[in-house]
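Fold and contact review
Take a look at the letters that make up each chain.
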2 protein chains.
Amino acid sequence: MTAILLTVGDEILLGQIVDTNAAWLGEKLALTGIDVRRSETVGDSEEAIKAALGRAYADGTDLVVVTGGLGPTADDRTRPAVAGFFGRRLVLHQDLLDGLLERYAARERTMPEMGRLMAEVPEGFEVVPNPIGTAPGLWGERVVGTHVQRAVLMPGVPYEMKAMARETVLPRIRDLQPGAVLHRTLLTVGRGESDIADLVEPVAARFPEGVGVAYLPSRGKVRVRVTARGAERSPTQAALDAATAGLRDALGDLVFGEDAVLLEGVVQDLLVERGLTLAIAESCTGGALAARITRIAGASRAFVGGVVAYDNDIKQRVLGVPPDLLDAHGAVSEPVARAMAEKVRELLRGDVGLSVTGIAGPTGGTLDKPVGTVWIACAHEGGTASVLLRLTQDRSLNIGLSVSAGLDLLRRTLRTSSGAGDVVR
Amino acid sequence: MTAILLTVGDEILLGQIVDTNAAWLGEKLALTGIDVRRSETVGDSEEAIKAALGRAYADGTDLVVVTGGLGPTADDRTRPAVAGFFGRRLVLHQDLLDGLLERYAARERTMPEMGRLMAEVPEGFEVVPNPIGTAPGLWGERVVGTHVQRAVLMPGVPYEMKAMARETVLPRIRDLQPGAVLHRTLLTVGRGESDIADLVEPVAARFPEGVGVAYLPSRGKVRVRVTARGAERSPTQAALDAATAGLRDALGDLVFGEDAVLLEGVVQDLLVERGLTLAIAESCTGGALAARITRIAGASRAFVGGVVAYDNDIKQRVLGVPPDLLDAHGAVSEPVARAMAEKVRELLRGDVGLSVTGIAGPTGGTLDKPVGTVWIACAHEGGTASVLLRLTQDRSLNIGLSVSAGLDLLRRTLRTSSGAGDVVR
């Protein structure tokens, strides 16, 4: 089954918004086994939308997934364009109108007159429920000769589109396909793609027919996606589970979770499970480590606070890092990183102290300690662990990689039973 | 003149990377006066690239801007596809090869054999220099009847593409267009689009023919873009300057800069100019305010450090906020925000103290203080200013808006001569 993505919106075409929907849908459709042929973006014009549909079906494409242009304003042209292209009238869908009126009533608001437009549906199209917004989705098809030309229309607001796709559209597309295509993704942190591949390949070489892996690297992390294809769901699921278990053994502690889990969420859960609180002292990351921990809800269950010790005076006077340590080794050194972690644990009365000190760049490097030199340390009841990172010339990348490495050091410290000393180096 | 954007790459089509190039190019081309008709993404396939070129020129499009697929590996198919479509041979470009060999030699590396492929050019195409990478760009055209079909090919790596576009491709496209299209963008913070429009519209109503404004809202900021079109550059520039000056008067202190400037950069420059240092105490933003200040290079010239006082114990014991203030008013209150700013200024010995305390959500709200209630304060020699924000239900958005509002309070405090008291409320 082949598909084309069609994004509608002047704001996308003219670059006022970056289109993230197409990437998300492209991945999800490909994972469903669909052959995604191309993605197009056109402006808010009926003619442009019709032309795009014409190009798509002329190529023999089975499904066009349209996002955007479904709202109630004058520049929302997707509904009339699709109706026109399929040769259908727009008809009022009474249930849909009642639902819209109820939604507005529940919020004690009157629906604007234009809202009625959202209840107009190309004749013969089915309504796809929007679980979290007003603009409904639509699903329709026509048969030309032997070619079933399907179209699904979803709103452009990303979280509405994703909810609708997850709940209705993707399962429905999956049901149109023969066989099963299943996935699981192992999330690793701390090693590059080639290191991960060295561990994965000997295991993957023994995978049965229809099971494969793909590597998806990003800042400091590599996602290992396992895909299993088969005629029936149940044996395919079993093959996927067996393959994933084998890879988990091979990758061991490098795996911090599966699928959509976040590293900071894993760390928060570990802290809460073990009843521990966290305090952070950071220099070169400038607050980004604490911000990563606190960006997910519930952080206050485990995070007490942090000190951004940018200036050495603060490392010394506020945190209490001994001046002779700073003089003898410099601020970017193992002894100072360890002292920062230990002192912030005392000062903020956290059970665990996590620290980062380094040279983010682009300037400030020396021969001994070039830009990208970063020490991280983690202090707790059982001792202090520390790790040296040798990163890049890029400030933003160095900050991001240091934050991930700090979270990972904390994760590994929390997972080891004693958690003491340099076991994680 | 009409254009179509063509992005080549499986990793984009299948969602492993979000395409930011198309948005950037779409905006830049539209600003040059080009009619951008659509944007397409296809996979790494010669056939798919040729088909996309065929669709583009069949529509009468004048220019196809292709990004991606220009590297030296087997899945880089743009060069042979374009050569094939235009009916040209790929010929070795000796100067280009010499340049590539030199580049490798300068880094004491040997060029891999496949690197030679990057020196193969469709016959008759011009080389567009890549100022910061190896893969060169290409520019070519053919005439079919009266239709001049132009193609420009650029690498997919965003910073290489942007450098090449800025230095060579966009100026060249501009020269192909009659007349002048000029822009300036005023950056505002702290008010919504409709507030900004209320101030702008009376001024814009008196703009001469050919001068217009557009509003580009994003998290807490509204960009006001002024566009002037005319036959000659010099009077068009004068009209643009006059219009921008009028809007600057109307918007006053809401404008923090022009074009590509960052709010945190403006704040850093103001601190450095005035020889002042900054200390931050933050609660609900959890480190994100300090991280925003330190993400740009040179932050250590003006930023001494911060305290992330997530737990009330830290507000009290480490920062020194009086316990009776916390008891009487709660952590999210004007008195506590002011005390946090004043105390962090003392503790970290900064010239200016900036604080944020609030309820980011999704939980933790009360009837009196719903989710989204945030107090920010700025303390310095002349006094303390404070501002109440009533934000949204969305945690991530609340953190982002609080950070921008904090930076803006600091900016406005630094700009007022006395800087004291509640002048900025």
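Definitions and limits used
Residues numbered from 1 in each chain as written. Chains lettered and ligands numbered in written order. Predicted model: local features only at pLDDT ≥ 70, side-chain atom pairs only at ≥ 80, totals over all residues. Heavy atoms only, no water. Helix = DSSP H or I, 4+ residues; strand = E, 2+ residues; numbered from the N terminus. Contact = heavy atoms within 4.5 Å. Areas by Shrake-Rupley, 256 points an atom, 1.4 Å probe, with all protein chains shown as cover. Lys, Arg positive; Asp, Glu negative; His and termini not counted. Charge placed at Lys NZ, Arg CZ, Asp CG, Glu CD. Phe/Tyr/Trp six-rings, centres within 6.5 Å; stacked < 30°, edge-to-face > 60°. Buried < 20%, exposed > 50% of the residue type's maximum accessible area, 1.4 Å probe, protein only. Lys NZ or Arg CZ within 6 Å of the ring centre and 35° of its normal. Expected span 1.5 Å × (residues − 1). Polar contact = N/O pair within 3.5 Å; in protein donor to acceptor, adjacent residues only side chain to side chain. Least-squares fit on C-alpha atoms with pLDDT ≥ 70 in both. pLDDT = per-residue confidence, 0-100. Pairing = 2+ DSSP bridges. Axes fitted to C-alpha atoms, helices over the stretch in contact; angles between N-to-C directions. Salt bridge = Lys/Arg side-chain N within 4 Å of Asp/Glu carboxyl O. Parallel < 35°, antiparallel > 145°, perpendicular 65-115°, else oblique. Left-handed = near helix turned anticlockwise from the far one by under 90°. Nonpolar A, V, L, I, M, F, W, Y, C, P; charged D, E, K, R; others polar. Buried area = accessible area lost by both parts, 1.4 Å probe.

**Regarding the overall build of chain A**
- Of regular secondary structure, chain A possesses 14 helices and 17 strands.
- With respect to the principal axes defined by its C-alpha atoms, chain A has extents near 80 × 55 × 40 Å.
- Within chain A, residue pairs in contact and separated by at least 24 positions form 68% of the contacts whose partners lie at least 6 positions apart.
- Accessible surface for chain A amounts to roughly 17,500 Å². Of this, 50% is attributable to carbon and sulfur atoms.
- Taken together, the 46 basic and 53 acidic charged side chains of chain A have centroids lying 2 Å from each other.

**Some remarks on the packing of aromatic side chains**
- For the coordinates displayed, the defined rule picks out 10 aromatic pairs over all chains.
- With 6.1 Å between their ring centres and 85° between their planes, B:Tyr57 and B:Phe86 make a pair best called edge-to-face. Taken together, the residues span a long stretch of sequence, with B:Tyr57 in helix α3 (residues 46-58) and B:Phe86 in helix α4 (residues 78-86) at a distance of 29 residues.
- Of the residues examined, B:Tyr57 reaches a relative accessible area of 4% and is grouped as buried.
- Overall, the relative accessible area of 6% leaves B:Phe86 in the buried class.
- Clustering of aromatic rings is evident, with ring pairs tying together A:Tyr57, A:Phe85, A:Phe86 and A:Phe125.
- It is A:Arg107 that lies over the ring of A:Tyr104; its NZ or CZ is 5.7 Å from the centre.

**Regarding helix α13 (residues 334-348) of chain A**
Residue and element names in this part refer to chain A.
- With 15 residues, α13 should cover 21 Å at 1.5 Å per step; its first-to-last C-alpha distance of 21 Å lies within 8% of that length.
- For α13, the capping residue at the N-terminal end is Ser333, with a side-chain oxygen 3.4 Å from the backbone nitrogen of Val336.
- Arg349 sits one or two residues past α13 and shows a positive phi near 55°.

**As for the relation of the copies chain A and chain B**
- Rotating chain A by 180° about the axis while translating it 0.2 Å along that axis superimposes it on chain B, leaving an RMSD of 0.2 Å. The superposition of one copy onto the other is thereby described by a two-fold rotation axis.
- The share of interface residues of chain A whose copies in chain B are also at the interface is 100%, consistent with both copies meeting through the same surface.

**As for the confidence of the model for chain A**
Residue and element names in this part refer to chain A.
- Across chain A, pLDDT averages 93, with 98% of residues at or above 70.
- Every residue in residues 417-425 is under pLDDT 50, and counting partners more than four places away or in other chains gives 27 contacts.
- Confidence metrics for the complex model read pTM 0.87 and ipTM 0.86.

**As for the sheet that holds strand β16 (residues 373-380) of chain B**
- In spatial order, the strands read β17(A)-β16(A)-β15(A)-β13(A)-β14(A)-β14(B)-β13(B)-β15(B)-β16(B)-β17(B); together these 10 strands make up an open sheet with mixed pairing. Unpaired on one side and paired on the other, β17 (383-390) of chain A together with β17 (383-390) of chain B mark the two borders of the sheet. Adjacent strand axes in the sheet meet at a mean angle of 10°, parallel and antiparallel pairs treated alike.
- Sitting on the sheet, helix α14 (residues 395-415) of chain B is in contact with β13 (278-282), β15 (352-358), β16 and β17 of chain B, with an inclination near 30° to β16(B).

**Some points on the pattern of salt bridges**
- All chains considered together, the criterion is met by 43 salt bridges over all chains.
- In this structure, A:Glu258 and A:Arg248 form a salt bridge, with 3.2 Å as the shortest nitrogen-oxygen distance. Taken as a pair, A:Glu258 in strand β12 (residues 255-258) and A:Arg248 in helix α8 (residues 233-251) lie far apart in primary sequence, 10 residues in all.
- The closest approach of N and O atoms between B:Asp408 and B:Arg412, which form a salt bridge, is 3.2 Å. Of this pair, B:Asp408 and B:Arg412 both sit in helix α14, four residues apart, roughly one helical turn.
- The class for B:Arg412 is partly exposed, based on a relative accessible area of 21%.
- Residues participating in the shared-partner salt-bridge network are A:Arg38, A:Glu40, A:Arg55, A:Asp59, B:Arg38, B:Glu40, B:Arg55 and B:Asp59.

**What to know about the packing of helix α7 (residues 193-204) of chain A against α8(A)**
Residue and element names in this part refer to chain A.
- Contact geometry of α7 with α8 gives a least axis separation of 9 Å together with a crossing angle of 140°. Classified by the interaxial angle, the pair formed by α7 and α8 is oblique. For α7 against α8, the interelement crossing comes out right-handed. From α7, Ile196, Leu199, Val200 and Val203 reach across to α8, where they touch Gly246, Leu247, Ala250 and Leu251.
- A class-by-class count of the residues in the contact of α7 with α8 yields seven nonpolar, one polar and no charged.

**Observations concerning the packing of helix α11 (residues 312-319) of chain B against helix α13 (residues 334-348) of chain B**
Residues and elements named next belong to chain B.
- The geometry of α11 relative to α13 is characterised by a closest axis approach of 10 Å and an angle of 45° between their N-to-C directions. The angle between α11 and α13 places the two elements in the oblique class. By crossing handedness, the relation of α11 to α13 is classed as left-handed. Counting all contacts with α11, which are made through Lys315, Val318 and Leu319, the residues of α13 involved are Met340, Lys343, Val344 and Leu347.
- Considering only residue class, the contact of α11 with α13 consists of five nonpolar, no polar and two charged.

**Let's talk about the interface of chain A and chain B**
- Each partner contributes to the interface: chain A provides 54 residues, whereas chain B provides 54 residues.
- Ranking the residues of chain A by area buried against chain B places A:Leu13, A:Tyr310 and A:Arg317 at the top, with a combined share of 13%.
- Where chain A meets chain B, there are four salt bridges.
- We note a salt bridge from B:Glu40 to A:Arg38, for which the minimum N-O separation is 3.8 Å.
- Remark: the boundary between chain A and chain B carries 19 residue pairs in polar contact (both at pLDDT 80 or more).
- Listing elements by their share of the side of chain A that touches chain B, those giving two or more residues are α2 (21-31), β2 (35-42), α10 (288-294), β14 (303-309), α11 (312-319), α13 and α14 (395-415) of chain A.
- Of the residues that constitute the side of chain A that touches chain B, the class distribution is 27 nonpolar, 13 polar and 14 charged.

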